[in-house]
Amino acid sequence: MKEVYFYATCLVDLFFPDAGMAGIELLQAAGVRVIFPEGQTCCGQPAYNCGYWEEARDVARGQIALFPKDIPVILPSGSCAGMMKNHYPELFHGQPEEAQVRAFSSRVFELTQFLVNELDVKLQDLGEPVKVTWHSSCHAVRDLGLVGEPKQLIAQLSKVELAPLTREHECCGFGGTFSVRQPEISGAMSCDKAADAEATGASVVLSTDGGCLLNVNGTLEAKKSPLRVQHIAEFLWERTRAR
Amino acid sequence: MSDARTAILGRLRASSQVGPLPDLDTAVLERRHWPISERAERLRKGMEAVHTEFLDATPADWPGVLRAFCDREGFKNLLFGPTSEAGSILAADWPAGGTQLMPYDRPVEAFKDELFTGVDAGFTGTVGGVAETGGLLLMPGPAEPRLLSLVPPIHIAMLKASTIHDTFWAAIKALGWGRALPPNALMISGPSKTADIEQTLAYGVHGPKRLIVVLVNDLA
Amino acid sequence: MHAENEILFRDSAAKALLDPQLRANFRRAMDGLITKRKAQFPDPRDLQDLRDLSTAIRSRSLLNLPSLLEQFEAQATRNGIQVHWAETCDQANELILGILRSKGAKTLVKGKSMVSEEMHLNDFLEKHGIEALESDLGEYIIQLDGETPSHIIMPAIHKNKDQIARQFSQKIKDAKYTEDVDELTAMARKVLRQKFLEADAGLSGVNFAVAETGTLCLVENEGNGRMSTHVPPLHIAVMGLEKVVATLEDVAPLYSILTRSATGQPVTTYFNLITAPRGAGEKDGPQEIHLVILDNGRSNIYADPQLQATLRCIRCGACMNHCPVYTRVGGHAYEAVYPGPIGKILTPQVEGVGVRHDLLHGSSLCGACGEVCPVQIPIPEILVRLRREATHQDPGSQVVGKGTGRTSSEDWAWRLWAMANKRPGLYRIITWFATRFGKALPAGAPLIKDWTRTRTKPVPAHRTLNERVRAKGVPHV
Ligand code: SF4
């Protein structure tokens, strides 16, 4: 039986545990044994992005140690997967554990990437007809290199109509600490994203990343919009789960 | 200020990194290739898109085509380089009356005001063209002064179809510009233009308002 | 987390965001540029190949920079171009003033040059009694209003037609009010042609300097560059020391990717190669050409292997056209000569990472800039590196102002963050409290206050995923 590790990421742990559970269940439904090591916190990205590399490294070191077996590590986040896959090797460049870190990084996958490219899952849509829109997370696309995997999964759902955003690839304005260090610009970007989503006529905004979801959701709520956000994993699980 | 020179170069040298130079893979440029018979059409499409006008001609009749155009437009004069190859052919049988040929044969200082205000059009030859994007290659010099293609409100240029290259890159190599560049060389793709006001295109901002290419089909 | 020095960009950006006209002007313009660029690169493979080639050409040029500069200088000198070197903007200004004075020049017409903006040359010359007139239409428009460029290739992009129409009718002699772009252009043409005719000297920037031939390459559409460099008897060019490339063949792909990335044009109206002043038998062209090569911090940037990539820039402006922050606040909010993503990495490296910490954090690190940059400068990675430099004193680093952006509050914040995330036990306690009492956090608490300007308060779930999986019995080994 195929075995994988699941890494929650701090945002999913605290704000979107349903998405995390759904991710685990999607993997299990595909016949994979999922291991969820205890002691998971944060991948270290916030400190890394702000230049506090020692702090980021300290945290990353502890997290890497949770995944000793040579099996894939699956994350329900393109941004954190990008951090672990592409930035860990930079963060540990020249450090004694560099080789070990590189080996770890090569095992990291974002959830939809793994479902499509490694498991080749086939989904059956059991839900009611619905119109959704898709926000592509900047880090998932530009950092990690996620291409069309999430959309390929959505396309497998027969009763789901995907209404594209006008500016699908434009940043939603989250940007981690950017959202509070530059709240005015971040807010302007978020409001534009929310308006774009509302204009699609969809009833739900999907994304791979908790940061974007938290941001867009807060903005929609502040606008008293009926539109809601959902993590792609949770959406897929809801649509395909037999009731 | 040689102190500054020494200091700057010293700093650069001190931190110059040794390492293998990255390779230059020019395949993407080599892929841009058209048979010679199609290049004129491609050049024309590219240049017409930016408001260049074309007159079709043959090696034998181009001076006549040009003359007829000048008469139609009612130019009182046409500035040209009398010792250039194209210029001397033009002058050889330019009928009297109508548009006057005006030789650019003195230093600009001698007639700067007239050049700016008293000339209707300027004529130059070209040393080639570029098919990929559309463009004329010019080599101003003693026979064809630099301002001939710039100051008069209309620029007329003669281009032979056989001299059109695939790309600017190919043209540079074919013309040997990398080895010995003339004092001034140019690529021109259309009349002067700007989009500085609200991204709206406007032609004829500082340089010529119109560019007319006399395209000589010498491929037969 | 808000150091004093982070306020600058935040404040001016906040002000810009309140100007709906400005936001509409930029959004419309950037949308147009994005669409036009896209149309120029229909084949993703061709685009990537051309980017790889362009990146390699610029990297090679930088690796050989000192030798190429010497080769260029020798060749240009042989051609009759007089080459000068300046370590600072002050030196460069003095050099230019000296050249102008030695020729008795009183008026200077200028083609577009960002380096001369960097030097604040116009102000300097005005102070010394020399009229410096911008002739690029966009530059002319902003000079009339005493403004600085808000975009590196479209300097007046923040203004719309009506604003320009009003300005022309007030400031140009005998001008009537019109919103017709052709008529406005014709007005400027009339004024400026007279200036070209009369000017004692012309000034230009340089897009590429070719070492093997000693040539200065100028890219433009209007013809004012050719006018400024070929009508007056004296031509002075200014360039940053990074502009040199080895061969003329190297220039062709760079030129191609430059115009397509910048404005979505396959080619500009003019590509002007200046190799020598008026030669024997020539009837026009400048009698003298002088070139000032400016350092102004570049050799210091050059010293760092990672940061050196900054100098690959060919000033196409694509990074700002695609930047979600620039699109919303415009160029002036950056209070820097070079706005947008390239400005965010360049300005702090020249002025100091501490004093321009504001710019370093004015980015969501979305990566749109790096994605379109024709020479693949990893702008987000460089931003992160410079954030590091701003807050740390790493030995061996030569970054200007390193460590001067550090504040004890940010320091403490990250120390506490690390403490919590390094110790799963502590993390568990904190998240336990957050899930149970997170709702009760006051909206005025730091960070939450900023978050909730445009959003509702984020509410943690009832149980963390860590708790949920334990309850569900998901295996942990
Ligand atoms: S950084 Fe890249 S995209 Fe930005 S101006 Fe320079 S070359 Fe163009």
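## Here's the deal with the sheet that holds strand β2 (residues 107–110) of chain C
Residue and element names in this part refer to chain C.
- Ordered by their spatial adjacency, 6 strands build an open sheet running β1-β10-β7-β4-β2-β3, and the pairing between neighbours is parallel. Two strands close off the open sheet at either side, each with one partner strand: β1 (81–86) and β3 (131–134). Within the sheet, the average angular offset between the axes of one strand and its neighbour, ignoring direction, is 20°.
- Judged from the 7 bridges that link them, strand β7 (residues 234–240) and strand β10 (residues 288–294) form a sheet pairing that is parallel. Directly across from V238, in β10, lies its bridge partner V292.

## Observations concerning the pattern of salt bridges
- The tally for this structure, following the rule as stated, stands at 65 salt bridges over all chains.
- The residue C:R385 makes a salt bridge to C:E389 at a minimum N-O spacing of 2.9 Å. Here C:R385 pairs with C:E389, and both are found in helix α19 (residues 379–391), just 4 residues apart, close to one helical turn.
- One salt bridge in this structure joins C:D394 and C:R388, with 3.0 Å as the shortest N-O distance.
- Exposure remark for C:D394: the relative accessible area of 23% places this residue in the partly exposed category.
- The exposure class assigned to C:R388 is buried, which follows from its relative accessible area of 3%.
- A cluster of three or more residues bridged by salt bridges with shared partners is formed by A:E170, A:D192, C:R23, C:R27 and C:R328.

## What about the nonpolar core?
- Among the nonpolar cores identified, the biggest contains 139 residues, and C:L100 and C:V329 are the most heavily contacted of them.
- Sequence-distant contacts of C:L100, defined by excluding residues within four places in its chain, comprise C:A105, C:L108, C:L125, C:I130, C:A201, C:L234 and C:I236.
- Listed in part, the 56 residues of the second largest apolar core include A:A8, A:V12, A:L165 and C:V474.

## Side note on the domain arrangement of chain C
- Segmentation of chain C into domains returns domain 1 (9–34 + 301–391), domain 2 (42–296) and domain 3 (425–472).
- Between the C-alpha centres of domain 1 of chain C and domain 3 of chain C there is a distance of 33 Å.

## Section: the side chain of C:S228
All names here are of chain C.
- In this fold, S228 is placed in helix α11 (residues 224–230).
- The buried category is assigned to S228, whose relative accessible area is 0%.
- Polar side-chain contacts of S228 include one of 3.5 Å to the side chain of S135.
- With residues near it in sequence (within four places) discarded, S228 still touches V109, K110, G111, S135, F196, G202 and L203.

## Side note on the interface of chain C and chain B
- Taken together, the contact between chain C and chain B spans 94 residues of the former and 76 residues of the latter.
- Of the roughly 7600 Å² buried between chain C and chain B, counting both surfaces, carbon and sulfur atoms make up 59%.
- Of all residues in chain C, C:W85, C:R189 and C:K283 bury the most surface against chain B, accounting for 10% of the area lost on that side.
- Across the pair C:E73 and B:R5 runs a salt bridge, and its minimum N-O distance is 2.6 Å.
- Scanning the region where chain C abuts chain B turns up 44 residue pairs in polar contact (both at pLDDT 80 or more).
- Take the side of chain C that touches chain B: its biggest share by element is 10 residues, from helix α3 (residues 44–63) of chain C.

Analysis parameters
Residues numbered from 1 in each chain as written. Chains lettered and ligands numbered in written order. Predicted model: local features only at pLDDT ≥ 70, side-chain atom pairs only at ≥ 80, totals over all residues. Heavy atoms only, no water. Pairing = 2+ DSSP bridges. Helix = DSSP H or I, 4+ residues; strand = E, 2+ residues; numbered from the N terminus. Axes fitted to C-alpha atoms, helices over the stretch in contact; angles between N-to-C directions. Salt bridge = Lys/Arg side-chain N within 4 Å of Asp/Glu carboxyl O. Buried < 20%, exposed > 50% of the residue type's maximum accessible area, 1.4 Å probe, protein only. Core = buried A, V, L, I, M, F, W, Y, C linked by side-chain atoms within 4.5 Å. Contact = heavy atoms within 4.5 Å. Domains from an automatic or database assignment. Polar contact = N/O pair within 3.5 Å; in protein donor to acceptor, adjacent residues only side chain to side chain. Buried area = accessible area lost by both parts, 1.4 Å probe.

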